[in-house]
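As a plain string of letters, each chain reads:
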Amino acid sequence: MSIERTGTLPLQTEQHIVASRQAVRSLCQLLKFSLVDQTKMITAASELSRNTLIHGGGGRMRWEVVEAGSRTGLALHFEDEGPGIADMKLAMTDGWTSGGGMGLGLPGSKRLVSDFEVDSAPGKGTRVSITKWK
């Protein structure tokens, strides 16, 4: 079975969040991630997909299979053209939420993956990139 090395999914509805989780699960299985790493990546993707929809007004998830030397990983990019994050330090604080959630999205996702990067500014949208290495 071959792997699509790159792809994009819309994040405009709740059904798209479900589709993003299913896609990440399939990619992790094809890359032979452990069950624990699959769960971590699916959880992070679910949180970030929801953030993209709720806080960013919708956007997209892009994925790519990445390689560095003998390592293989899965990189996910969550992008929106929403209002952006006004206070990144606050947004990365455990327990803080700008909505009605538990405040686990960004900092919780960061703990679940190998690499985590956020690029956001007020009025410029948000891009969160995560990578999990096998």
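Our structure's up above, just so we're on the same page.
Residues numbered from 1 in each chain as written. Predicted model: local features only at pLDDT ≥ 70, side-chain atom pairs only at ≥ 80, totals over all residues. Heavy atoms only, no water.

Engineer: Before we move on, could you go through the pattern of salt bridges and cite the residues and values that matter?
Structural biologist: This model, assessed by the stated rule, comprises seven salt bridges. With a shortest N-O distance of 2.7 Å, Glu81 and Arg60 are connected by a salt bridge. Residue Glu81 is located in the loop between strand E3 (71-80) and helix H3 (88-91), and its partner Arg60 is located in strand E2 (residues 59-68); the two are separated by 21 residues in the primary sequence. The exposure class assigned to Glu81 is exposed, which follows from its relative accessible area of 59%. With a relative accessible area of 26%, Arg60 lands in the partly exposed category. Of the charged contacts in the structure, one is a salt bridge between Glu79 and Arg62, with a shortest N-O distance of 3.0 Å. In this pair, Glu79 is assigned in strand E3 and Arg62 in strand E2, connecting sequence segments 17 residues apart. Note on Arg62: relative accessible area 25%, which makes it partly exposed. (Salt bridge = Lys/Arg side-chain N within 4 Å of Asp/Glu carboxyl O. Helix = DSSP H or I, 4+ residues; strand = E, 2+ residues; numbered from the N terminus. Buried < 20%, exposed > 50% of the residue type's maximum accessible area, 1.4 Å probe, protein only.)

Engineer: Go over the nonpolar core with me, naming the residues and quoting the values.
Structural biologist: Counting residues in hydrophobic clusters, the biggest one holds 24 residues, and the most contacted among them are Val24, Met41, Leu74, Leu76, Phe78 and Ile130. Those elements that provide at least two residues to this core are helix H1 (14-30), helix H2 (35-54), E2, E3 and strand E5 (126-133). In terms of residue count, the dominant contributor to this core is H2 (five residues). Those residues within four positions of Val24 in sequence are excluded, and the remaining contacts are Met41, Ile42, Ala45, Met61, Leu74 and Leu76. (Core = buried A, V, L, I, M, F, W, Y, C linked by side-chain atoms within 4.5 Å. Contact = heavy atoms within 4.5 Å.)

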